[in-house]
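# A structural walkthrough
These are the residues of each chain, in order.
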Amino acid sequence: MKHKLFTLARWSALPVLALLAAGLAPAQLTPEQREADFRTLVSSVSKFYGPLDWKRELQKRDPLDMTPWLERIRRAPNDVEFLQILAEYVASLEDGHIAFQVPSNFVADLGVRFDLYGGVPRVWSVTARYPADQFPGLRIGSELVSFNGEPAMDVVRRQARIENAGFERSALRRALIRLTLRQQQFDPKAIEAPDRVAVVLRSPEGITYTHELTYTKTGVPFLRFPPSENPKGGSSLNPSATEFEPTPALQTEANLMEPFAKAAVNSRLFSPDPEVQTNQAIGIRNPVYTLPPDFVQRRGRLASDLLFSGTYVADGLRIGLVRIGTFLFPNSAQALRELDEELTFMQANVDGLVVDVSRNNGGLANLVLDMTRRFMSRPFYYVPSQYLPRQRFLLNLNLITDAVRQANAETWVQQTWQSSLNQYREAYDRTERTLTGPMPFIVSTEVGPLAWWPSIQENLPLGLFTKPMIVVADDLSVSGGDVFPALFQDNERAPVFGFRTGGLGASVFGLAASPLSLPYSELNYQLSDALMLRRQPISVPGYPVTRYIENVGVHPDIPYDSQTLENLTGGFRPYVAAFTRAIVDHVRRSR
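Quick summary incoming for the structure in this document. Because the structure is predicted, anything quoted here is derived from the model rather than measured. (Residues numbered from 1 in each chain as written. Predicted model: local features only at pLDDT ≥ 70, side-chain atom pairs only at ≥ 80, totals over all residues. Heavy atoms only, no water.)

## Digging into the overall build of the protein
- If you tally the helices and strands in the protein, you get 16 helices and 24 strands.
- Every one of the 591 residues in the protein was classed for burial, and the buried ones make up 58%.
- A separation of at least 24 residues holds for 75% of the contacts in the protein among residues at least 6 apart in sequence.
- Of the roughly 23,000 Å² of accessible surface on the protein, a fraction of 52% belongs to carbon and sulfur atoms. (Helix = DSSP H or I, 4+ residues; strand = E, 2+ residues; numbered from the N terminus. Buried < 20%, exposed > 50% of the residue type's maximum accessible area, 1.4 Å probe, protein only. Contact = heavy atoms within 4.5 Å. Areas by Shrake-Rupley, 256 points an atom, 1.4 Å probe, with all protein chains shown as cover.)

## Quick word on the environment of A577
- The residue A577 is located in helix 16 (residues 573–590) in this model.
- A577 gets classed as partly exposed once you look at its relative accessible area, which sits at 47%.
- Residues A577 and P292 lie 285 residues apart in sequence; the distance between their C-alpha atoms is 8.8 Å.

## Some points on the environment of V120
- Its location among the elements puts V120 in strand 4 (residues 120–126).
- The spatial distance from the C-alpha of V120 to the C-alpha of T564 is 9.1 Å, given a sequence separation of 444 residues.

## A short note on the pattern of salt bridges
- Under the counting rule described, the total for this entry stands at 36 salt bridges.
- Two residues, R581 and D315, come together in a salt bridge whose shortest N-O distance is 3.8 Å. In this pair, R581 sits in helix 16 while D315 sits in the loop between strand 13 (308–314) and strand 14 (317–323), placing the two residues 266 residues apart along the sequence.
- Connected through salt bridges with shared partners, the residues R298, R299, D305, E338, E341 and E342 form a single ionic network. (Salt bridge = Lys/Arg side-chain N within 4 Å of Asp/Glu carboxyl O.)

## Description of the sheet that holds strand 13
- The strand order across the open sheet formed by 7 strands is 12-13-14-15-17-18-24, and the pairing between neighbours is mixed. Among the strands making up the open sheet, the edge pair consists of strand 12 (296–297) and strand 24 (558–559).
- For strand 13 and strand 14, the ladder comprises 7 bridges, and the chain directions are antiparallel. The residue bridging T311 from the neighbouring strand is G320, located in strand 14.
- Each of strand 13, strand 14 and strand 15 (352–356) is contacted by helix 10 (residues 332–349), which is oriented at about 170° to strand 14, the strand it contacts most.
- Against the sheet, helix 14 (residues 480–490) engages strand 15, strand 17 (469–473) and strand 18 (496–498), with an angle of about 145° to strand 17. (Pairing = 2+ DSSP bridges. Axes fitted to C-alpha atoms, helices over the stretch in contact; angles between N-to-C directions.)

## Focus on the sheet that holds strand 10 (residues 216–218)
- On the basis of which strands lie adjacent, the open sheet formed by 3 strands has the order 7-2-10 and antiparallel pairing. Edge positions in the sheet fall to strand 7 (181–183) and strand 10, since each has one partner strand and no second. Strand after strand, the sheet turns through a mean of 10° between neighbouring axes, direction not considered.
- Sheet analysis places strand 2 (residues 107–109) next to strand 7, joined by 3 bridges and oriented antiparallel. Each residue of the ladder has a partner; that of V107, found in strand 7, is Q183.

## Regarding the pairing of strand 15
- Within strand 15, 5 of the 5 residues are buried, which leaves it mostly tucked inside the rest of the structure.
- Neither face of strand 15 is exposed, since G352, V354 and D356 on one face and L353 and V355 on the opposite face are all buried.
- Viewed along the sheet, the connection from strand 14 through helix 10 into strand 15 turns out right-handed.
- One ladder, built from 4 bridges, connects strand 15 with strand 17; its direction is parallel. The residue bridging D356 from the neighbouring strand is V472, located in strand 17. (Right-handed = clockwise from strand over helix to strand, strands pointing away.)

## What about the packing of aromatic side chains?
- Tallied over the entire structure, the rule returns 23 aromatic pairs.
- An angle of 20° between the planes, with centres 5.6 Å apart, marks the rings of F497 and Y560 as stacked. Of this pair, F497 sits in strand 18 while Y560 sits in the loop between strand 24 and helix 15 (565–569), placing them 63 residues apart in sequence.
- An angle of 85° between the planes, with centres 5.6 Å apart, marks the rings of Y575 and F579 as edge-to-face. Of this pair, Y575 and F579 both sit in helix 16, 4 residues apart, which is roughly one turn of that helix. The exposure classification of Y575 matches that of F579, with both residues buried.
- Linked through ring pairs, Y117, W124, Y289, F497, Y560, F572, Y575 and F579 together constitute an aromatic cluster.
- In this arrangement the basic side chain of R169 is found over the ring face of F499, its NZ or CZ atom lying 3.8 Å from the centre. (Phe/Tyr/Trp six-rings, centres within 6.5 Å; stacked < 30°, edge-to-face > 60°. Lys NZ or Arg CZ within 6 Å of the ring centre and 35° of its normal.)

## Remarks on unusual backbone geometry
- One non-glycine residue, R359, lies in positive phi territory at about 55°.
- Mapped onto the fold, R359 is located in the loop between strand 15 and helix 11 (365–373).
- R359 gets classed as buried once you look at its relative accessible area, which sits at 3%.
- In this model, E492 sits at a positive phi of 55°, which is unusual for a non-glycine residue.
- Position of E492 among the secondary structure elements: in the loop between helix 14 and strand 18.

## Focus on the environment of F579
- Take F579: its relative accessible area is 0%, and that puts it in the buried class.
- Taking the C-alpha atoms as reference points, F579 and V471, separated by 108 residues in sequence, lie 9.4 Å from one another.
- Excluding residues within four positions of it along the chain, F579 makes contact with Y289, Y312, L321, V354, I470, V472 and F497.

## Overview of helix 12 (residues 391–406)
- Taking 1.5 Å of rise per residue, the 16 residues of helix 12 would be expected to cover 22 Å, and the 23 Å separating its terminal C-alpha atoms lies within 8% of that figure.
- Among the residues trailing helix 12, N408 stands out with phi positive, at a value near 60°. (Expected span 1.5 Å × (residues − 1).)

## Section: the pairing of strand 22 (residues 530–538)
- Looking at chain direction, strand 16 (residues 385–387) and strand 22 are connected through 3 bridges and run antiparallel. Following the sheet pairing, Q386 is matched in strand 22 by L531.
- Across 2 bridges, the pairing between strand 19 (residues 506–507) and strand 22 is antiparallel. If you follow S507 over to strand 22, its bridge partner there is A530.
- Bridging between strand 22 and strand 23 (residues 546–548) involves 2 bridges; their strand directions are antiparallel. Residue pairing in the sheet places L533 in a bridge with Y548 of strand 23.

Right under this line is the structure:
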């Protein structure tokens, strides 16, 4: 996010870098304080991070092994380098739900964006800063060959070391945007961006160009932390992670159910930051692709519309399209009303439906449930999670169970909540660190927690659209964008078309309102404490057989990678033709 508190015209990082290199910068954190902060961070991973054992299995290493990181921290020449190491450690967990932010609003913007197409970095968008007649190499689709004298992919892979993502391609795509939009809030070394960079580009026709591009720099850079004294006495500095989680007011049903109705979904945790979203069309209402000439648009014309929709004809069939670009709307009730209207129309007027959640940045877990209900005609499975037990959550669960009983909810509702409490307490009381079994805690806001219980298998359908449909997803479909296609696969409701999803299948259910803090470096961060589960174990190449969505993602029934040069330069028309063929074939097979 770009916070323009004030603008520094042509601010240059070079004097600051020279000052740091010369050892003349003001006081930094002491080596002991840096080590204490890092130990606090790793200790909080041990205490709060639910996916820890899954990461050990997947990565074949132990995130609690501090040795290689401490060696680097002890050699760090300044606080910026220290933050870089912390950012790399957090990113090494390969978990896009983790939040880690530097107290800075400094931004260096190159005015051009790149993305991966066919595994090659190519120009995705260019601002008016670079006129085509003066910068002929900056064409949509031109390959980035080198960046400031280095092979482009070497620079991108280095940048990817601080990107929180579920798998490699997702991290590389984020890094490519970050290379040209350097925000110190997420990129500690953004202040090292030079004023100008030389780029070598190769056009789709094979012509090579060299251009000098300019970073525009705004905001207040972070240079160092203020000094503080070390505590006296004791053998070392080793404070524990501080958790800021005020005891919630639990007098009303709404307060009681808030953690469940709005299950720990934070837009920044579930997705790239807003500037990266915008520049990769992540979480955006309208699609990036060009629709057929006869497409009749319904939703998405007005600024107030939250969804995009319309119809067109293909091979004699009328096809509907509804795009859900996010599950984090300014008004969830309005989003549901719009979806109801569209699905009611589609049920009466189309032969098949394309539901597009590509580039979906996730959002509210209960909204994913409520939207899914509209496509289901029988009780359906909704992903449960395994939770790392915590005292505060146990307290809340006790209070909720008591409230359900005091409200004279139906016996079976009371029994279900009591059973969940018993299961959670059983995991809490074990002597070894362990997760709970699969537990459902997501409640539909439309039914009400005292009338229904969070369920795994018996979620109530609405059945507004029951005809054939497909779900379109890709590697920028994350969190809720992972869960939504998983539900349609697991319930055998619709095939998934496209590319594997981003694999952000952890959650921050218990820690959503409780950021952790490092004592000396003033950093706030959040960790995932739960793992979402598929209905059955999934076997895909490169991963253990597992029910987890985290890192694995959802793999399509109908594979298609839209990230090709042909799509980029052709308005993604081949992509549209491919998913159109998929829905037409699916409709005909369903008859």
